[in-house]
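Breakdown of the fold
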Amino acid sequence: MKRGILAGILFGAVLLFTQPLQAGIDNLKRAEFELHVGPGFPLGKFGQKAFPEYRQNPDGTAVLGYHGANIGVNYGLAFQFYASPNWGVLLLFNGHSNTVNADAFSSFNTDAKWKTTSKGKWTEFMAMAGITYRCLLAERFVFSARAYLGYAHLIAPYYSSEAQISSFVTYTYQLRSSSDANFGYGAGVAFKYLLARGFHLDLRCDYMGAVPFYFRRVNSFSQTRVVGVDTPEPTPYKNTFHENFQMINLSLGFTFAF
(Lines give C-alpha, C1' and ligand atoms only; values in the text may rest on other atoms or scores of the structure.)
Protein backbone atom coordinates (compact mmCIF):
# COMPACT_ATOMS: atom_id res chain seq x y z
CA MET A 1 0.00 0.00 0.00
CA LYS A 2 2.76 2.44 0.99
CA ARG A 3 4.74 1.56 -2.14
CA GLY A 4 1.67 2.25 -4.26
CA ILE A 5 1.14 5.67 -2.66
CA LEU A 6 4.82 6.56 -3.12
CA ALA A 7 4.75 5.42 -6.75
CA GLY A 8 1.64 7.55 -7.34
CA ILE A 9 3.31 10.64 -5.88
CA LEU A 10 6.44 10.12 -7.99
CA PHE A 11 4.36 9.56 -11.12
CA GLY A 12 2.39 12.76 -10.46
CA ALA A 13 5.59 14.73 -9.92
CA VAL A 14 7.03 13.45 -13.18
CA LEU A 15 3.88 14.47 -15.04
CA LEU A 16 3.88 17.92 -13.43
CA PHE A 17 7.56 18.73 -13.96
CA THR A 18 8.01 17.25 -17.42
CA GLN A 19 4.89 18.49 -19.15
CA PRO A 20 5.66 21.13 -21.82
CA LEU A 21 5.24 24.76 -20.84
CA GLN A 22 3.43 27.24 -23.03
CA ALA A 23 6.16 28.99 -24.99
CA GLY A 24 6.78 32.72 -24.70
CA ILE A 25 7.51 35.21 -21.95
CA ASP A 26 3.86 36.33 -22.05
CA ASN A 27 2.80 33.01 -20.49
CA LEU A 28 4.88 33.44 -17.31
CA LYS A 29 2.99 34.41 -14.19
CA ARG A 30 3.18 38.08 -13.15
CA ALA A 31 3.67 37.75 -9.35
CA GLU A 32 6.56 35.90 -7.71
CA PHE A 33 7.44 35.17 -4.10
CA GLU A 34 11.08 34.08 -3.67
CA LEU A 35 13.08 32.55 -0.80
CA HIS A 36 16.86 32.22 -0.96
CA VAL A 37 19.90 31.32 1.16
CA GLY A 38 23.62 30.88 0.51
CA PRO A 39 27.14 32.05 1.35
CA GLY A 40 28.03 35.72 1.66
CA PHE A 41 31.58 36.80 0.76
CA PRO A 42 32.82 40.08 2.35
CA LEU A 43 34.80 42.43 0.10
CA GLY A 44 37.51 45.02 0.71
CA LYS A 45 38.47 46.09 4.21
CA PHE A 46 35.34 44.51 5.63
CA GLY A 47 36.88 41.10 4.91
CA GLN A 48 40.35 41.89 6.33
CA LYS A 49 41.46 40.49 9.68
CA ALA A 50 40.06 42.41 12.61
CA PHE A 51 41.84 45.23 14.44
CA PRO A 52 44.49 46.32 11.94
CA GLU A 53 44.90 49.60 13.85
CA TYR A 54 44.23 51.22 17.21
CA ARG A 55 44.99 54.86 18.05
CA GLN A 56 44.32 56.46 21.41
CA ASN A 57 43.29 60.14 21.43
CA PRO A 58 44.19 62.60 24.23
CA ASP A 59 40.50 63.04 25.12
CA GLY A 60 40.14 59.35 26.03
CA THR A 61 38.49 58.31 22.77
CA ALA A 62 40.11 55.91 20.33
CA VAL A 63 40.08 55.30 16.60
CA LEU A 64 39.67 51.58 16.05
CA GLY A 65 39.90 49.52 12.89
CA TYR A 66 37.45 46.64 13.36
CA HIS A 67 36.61 44.78 10.10
CA GLY A 68 37.31 41.04 10.28
CA ALA A 69 34.20 39.56 8.64
CA ASN A 70 34.56 35.90 7.66
CA ILE A 71 32.63 34.24 4.86
CA GLY A 72 29.13 33.92 6.28
CA VAL A 73 25.56 33.24 5.32
CA ASN A 74 23.04 35.42 3.51
CA TYR A 75 19.31 34.77 3.53
CA GLY A 76 16.18 36.55 2.51
CA LEU A 77 12.94 36.80 0.61
CA ALA A 78 11.60 38.93 -2.21
CA PHE A 79 8.27 39.78 -3.79
CA GLN A 80 8.29 40.69 -7.49
CA PHE A 81 5.41 41.89 -9.64
CA TYR A 82 5.77 42.23 -13.40
CA ALA A 83 3.62 45.02 -14.82
CA SER A 84 4.69 43.85 -18.29
CA PRO A 85 5.99 40.41 -19.33
CA ASN A 86 9.61 41.59 -18.98
CA TRP A 87 9.71 44.48 -16.50
CA GLY A 88 8.57 44.66 -12.92
CA VAL A 89 9.12 46.02 -9.43
CA LEU A 90 10.35 44.24 -6.32
CA LEU A 91 10.55 44.36 -2.55
CA LEU A 92 13.58 42.61 -1.06
CA PHE A 93 14.45 41.73 2.54
CA ASN A 94 17.93 40.31 3.09
CA GLY A 95 20.11 39.47 6.06
CA HIS A 96 23.76 38.54 6.64
CA SER A 97 25.59 36.84 9.48
CA ASN A 98 29.41 36.69 9.51
CA THR A 99 31.72 35.49 12.26
CA VAL A 100 34.79 37.54 13.17
CA ASN A 101 38.24 36.70 11.81
CA ALA A 102 40.51 37.97 14.60
CA ASP A 103 43.99 37.08 15.68
CA ALA A 104 45.29 38.11 19.08
CA PHE A 105 44.22 41.66 19.85
CA SER A 106 47.70 43.18 19.84
CA SER A 107 46.83 46.73 18.75
CA PHE A 108 45.85 47.79 22.28
CA ASN A 109 49.13 46.73 23.91
CA THR A 110 51.78 45.56 21.49
CA ASP A 111 54.00 44.13 24.23
CA ALA A 112 51.38 41.59 25.29
CA LYS A 113 50.38 38.30 23.65
CA TRP A 114 46.62 38.47 23.37
CA LYS A 115 44.19 35.56 23.12
CA THR A 116 40.59 35.86 21.98
CA THR A 117 38.19 34.69 24.70
CA SER A 118 34.82 35.45 23.10
CA LYS A 119 33.43 37.17 20.02
CA GLY A 120 30.11 37.80 18.35
CA LYS A 121 29.07 38.12 14.72
CA TRP A 122 28.64 40.87 12.20
CA THR A 123 24.89 41.03 11.58
CA GLU A 124 23.31 43.04 8.76
CA PHE A 125 19.74 43.56 7.55
CA MET A 126 18.45 45.29 4.41
CA ALA A 127 14.94 46.31 3.31
CA MET A 128 15.07 47.35 -0.35
CA ALA A 129 12.86 48.33 -3.30
CA GLY A 130 13.79 48.34 -6.97
CA ILE A 131 13.19 47.16 -10.50
CA THR A 132 13.57 43.76 -12.11
CA TYR A 133 13.86 42.39 -15.63
CA ARG A 134 13.42 38.87 -17.02
CA CYS A 135 13.67 37.11 -20.36
CA LEU A 136 13.13 33.56 -21.54
CA LEU A 137 16.33 31.76 -22.62
CA ALA A 138 14.67 28.44 -23.41
CA GLU A 139 11.41 26.67 -22.67
CA ARG A 140 12.24 26.21 -18.98
CA PHE A 141 15.13 28.63 -18.44
CA VAL A 142 14.69 32.27 -17.47
CA PHE A 143 17.35 34.94 -16.99
CA SER A 144 16.54 37.78 -14.59
CA ALA A 145 18.33 40.89 -13.34
CA ARG A 146 17.43 43.39 -10.66
CA ALA A 147 18.69 46.57 -8.99
CA TYR A 148 17.49 48.01 -5.70
CA LEU A 149 18.16 50.49 -2.89
CA GLY A 150 16.80 51.29 0.56
CA TYR A 151 17.49 50.79 4.26
CA ALA A 152 20.52 48.98 5.70
CA HIS A 153 21.38 48.26 9.33
CA LEU A 154 24.68 46.84 10.58
CA ILE A 155 25.41 45.44 14.07
CA ALA A 156 29.07 45.28 15.12
CA PRO A 157 29.94 42.24 17.27
CA TYR A 158 31.17 42.24 20.84
CA TYR A 159 34.74 41.12 21.39
CA SER A 160 36.75 40.02 24.43
CA SER A 161 40.42 39.07 24.76
CA GLU A 162 43.08 38.64 27.42
CA ALA A 163 46.85 38.55 27.73
CA GLN A 164 48.70 36.57 30.38
CA ILE A 165 51.71 38.72 31.21
CA SER A 166 52.99 36.41 33.92
CA SER A 167 51.65 33.85 36.36
CA PHE A 168 50.45 36.80 38.46
CA VAL A 169 49.30 39.44 35.96
CA THR A 170 46.49 39.25 33.37
CA TYR A 171 45.27 41.97 31.02
CA THR A 172 41.70 41.86 29.69
CA TYR A 173 39.98 43.92 27.02
CA GLN A 174 36.26 43.98 26.12
CA LEU A 175 34.57 45.77 23.24
CA ARG A 176 30.80 46.15 23.43
CA SER A 177 28.42 45.56 20.53
CA SER A 178 26.99 48.53 18.65
CA SER A 179 24.80 49.27 15.63
CA ASP A 180 24.20 51.89 12.95
CA ALA A 181 21.72 52.44 10.12
CA ASN A 182 22.42 53.86 6.68
CA PHE A 183 21.56 53.83 2.98
CA GLY A 184 21.99 50.49 1.17
CA TYR A 185 21.98 49.39 -2.46
CA GLY A 186 22.61 46.36 -4.63
CA ALA A 187 22.15 44.56 -7.93
CA GLY A 188 22.13 40.96 -9.09
CA VAL A 189 21.37 38.38 -11.73
CA ALA A 190 19.72 34.96 -11.59
CA PHE A 191 19.07 31.90 -13.68
CA LYS A 192 15.74 30.20 -13.06
CA TYR A 193 14.67 26.70 -13.98
CA LEU A 194 10.89 26.35 -14.28
CA LEU A 195 9.78 23.05 -12.83
CA ALA A 196 6.27 24.36 -13.49
CA ARG A 197 4.77 27.77 -14.29
CA GLY A 198 4.14 28.24 -10.57
CA PHE A 199 7.38 26.85 -9.13
CA HIS A 200 10.98 27.77 -10.05
CA LEU A 201 14.44 26.78 -8.83
CA ASP A 202 16.84 29.73 -8.65
CA LEU A 203 20.60 30.27 -8.81
CA ARG A 204 21.38 33.87 -7.94
CA CYS A 205 24.39 36.18 -7.55
CA ASP A 206 24.03 39.61 -5.92
CA TYR A 207 26.32 42.46 -4.94
CA MET A 208 25.18 44.37 -1.85
CA GLY A 209 26.73 47.44 -0.29
CA ALA A 210 25.96 50.46 1.84
CA VAL A 211 27.14 53.98 2.59
CA PRO A 212 29.88 53.57 5.25
CA PHE A 213 28.48 52.87 8.69
CA TYR A 214 29.73 55.20 11.42
CA PHE A 215 29.99 53.73 14.91
CA ARG A 216 30.39 56.56 17.43
CA ARG A 217 31.83 56.28 20.94
CA VAL A 218 31.43 52.53 21.30
CA ASN A 219 32.10 51.40 24.88
CA SER A 220 35.16 49.28 25.65
CA PHE A 221 36.96 48.40 28.88
CA SER A 222 40.44 47.30 29.85
CA GLN A 223 41.46 45.81 33.15
CA THR A 224 44.60 44.47 34.84
CA ARG A 225 44.24 41.66 37.36
CA VAL A 226 47.11 40.87 39.74
CA VAL A 227 47.02 37.78 41.93
CA GLY A 228 46.77 38.75 45.59
CA VAL A 229 45.80 42.36 44.82
CA ASP A 230 42.30 43.82 44.77
CA THR A 231 41.16 44.16 41.14
CA PRO A 232 40.55 47.81 40.22
CA GLU A 233 37.50 48.99 38.33
CA PRO A 234 37.76 48.53 34.54
CA THR A 235 39.16 51.50 32.65
CA PRO A 236 36.55 52.74 30.13
CA TYR A 237 37.30 53.85 26.57
CA LYS A 238 35.18 55.28 23.79
CA ASN A 239 35.92 53.88 20.33
CA THR A 240 34.98 55.30 16.95
CA PHE A 241 35.21 53.34 13.73
CA HIS A 242 33.84 53.30 10.18
CA GLU A 243 32.81 50.13 8.40
CA ASN A 244 32.52 49.80 4.63
CA PHE A 245 30.00 47.00 4.18
CA GLN A 246 30.34 45.21 0.83
CA MET A 247 29.21 41.68 0.07
CA ILE A 248 28.88 39.21 -2.80
CA ASN A 249 26.07 36.69 -2.28
CA LEU A 250 25.70 33.35 -4.05
CA SER A 251 22.25 31.98 -3.34
CA LEU A 252 20.09 28.98 -4.05
CA GLY A 253 16.36 29.35 -3.70
CA PHE A 254 12.93 28.71 -5.06
CA THR A 255 10.09 30.86 -6.31
CA PHE A 256 6.33 30.49 -6.03
CA ALA A 257 4.67 32.25 -8.98
CA PHE A 258 0.99 33.13 -9.12
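Anything mentioned here points back to the structure above.
Presented here is an overview of the structure given in this document. What you see is a predicted model; the values in this text were computed from it and never measured.

Right, let's talk about the pattern of salt bridges for a bit. A pair can form between side chains of opposite charge whenever their charged atoms are brought close. A complete count under the given rule lists 6 salt bridges for this structure. Here D206 ties to R146 by a salt bridge, and the two come within 3.8 Å at their closest N and O atoms. Linking D206 in strand 12 (residues 199–210) with R146 in strand 8 (residues 141–156), this pair joins segments that are 60 residues apart in sequence. On the basis of relative accessible area, R146 is assigned to the buried category, the value being 4%.

Another aspect to go through is the nonpolar core. Counting 35 residues, the largest nonpolar core has F51, Y66, W122, L175, F215, F241 and F245 as the members making the most contacts within it. By residue number, the principal contributor to this core is strand 8, which donates 4 residues. For L175, the contacting residues outside a window of four places in its chain are F51, L64, Y66, Y158, Y159, V218, N219, S220 and N239.

Moving on, we come to the sheet that holds strand 10 (residues 169–175). The 7 strands are arranged 2-3-14-13-10-9-6 in an open sheet whose pairing can be described as mixed. In this open sheet, the two edge strands, each paired with only one partner strand, are strand 2 (54–56) and strand 6 (114–119). Averaged over all pairs of adjacent strands, the angle between strand axes in this sheet comes to 25°, irrespective of strand direction. Of the strand pairs in this sheet, strand 3 (residues 61–64) and strand 14 (residues 235–243) are connected by 3 bridges, and their pairing is parallel. Each residue of the ladder has a partner; that of V63, found in strand 14, is T240.

Moving on, we get to empty space enclosed by the protein. Across all of its chains, the model carries 2 cavities of 30 Å³ or more by this definition. Forming the walls of the second largest cavity are L28, E32, Y82, R134, V142, S144, K192, L194 and H200. Where the lining of the second largest cavity is concerned, the elements lending two or more residues are strand 8 and strand 11 (178–196). Residues that form the lining of the second largest cavity fall into these classes: 4 nonpolar, 2 polar and 3 charged.

About the thresholds
- Residues numbered from 1 in each chain as written.
- Predicted model: local features only at pLDDT ≥ 70, side-chain atom pairs only at ≥ 80, totals over all residues.
- Heavy atoms only, no water.
- Salt bridge = Lys/Arg side-chain N within 4 Å of Asp/Glu carboxyl O.
- Helix = DSSP H or I, 4+ residues; strand = E, 2+ residues; numbered from the N terminus.
- Buried < 20%, exposed > 50% of the residue type's maximum accessible area, 1.4 Å probe, protein only.
- Core = buried A, V, L, I, M, F, W, Y, C linked by side-chain atoms within 4.5 Å.
- Contact = heavy atoms within 4.5 Å.
- Pairing = 2+ DSSP bridges.
- Axes fitted to C-alpha atoms, helices over the stretch in contact; angles between N-to-C directions.
- 1 Å grid on protein atoms, 1.4 Å probe; cavity = no way out; pocket = protein on both sides within 12 Å on 5 of 7 lines; lining within 4 Å.
- Points joined across faces, edges and corners; volume = space filled by probe spheres on them.
- Nonpolar A, V, L, I, M, F, W, Y, C, P; charged D, E, K, R; others polar.

None of this, on its own, says anything about what the molecule does.
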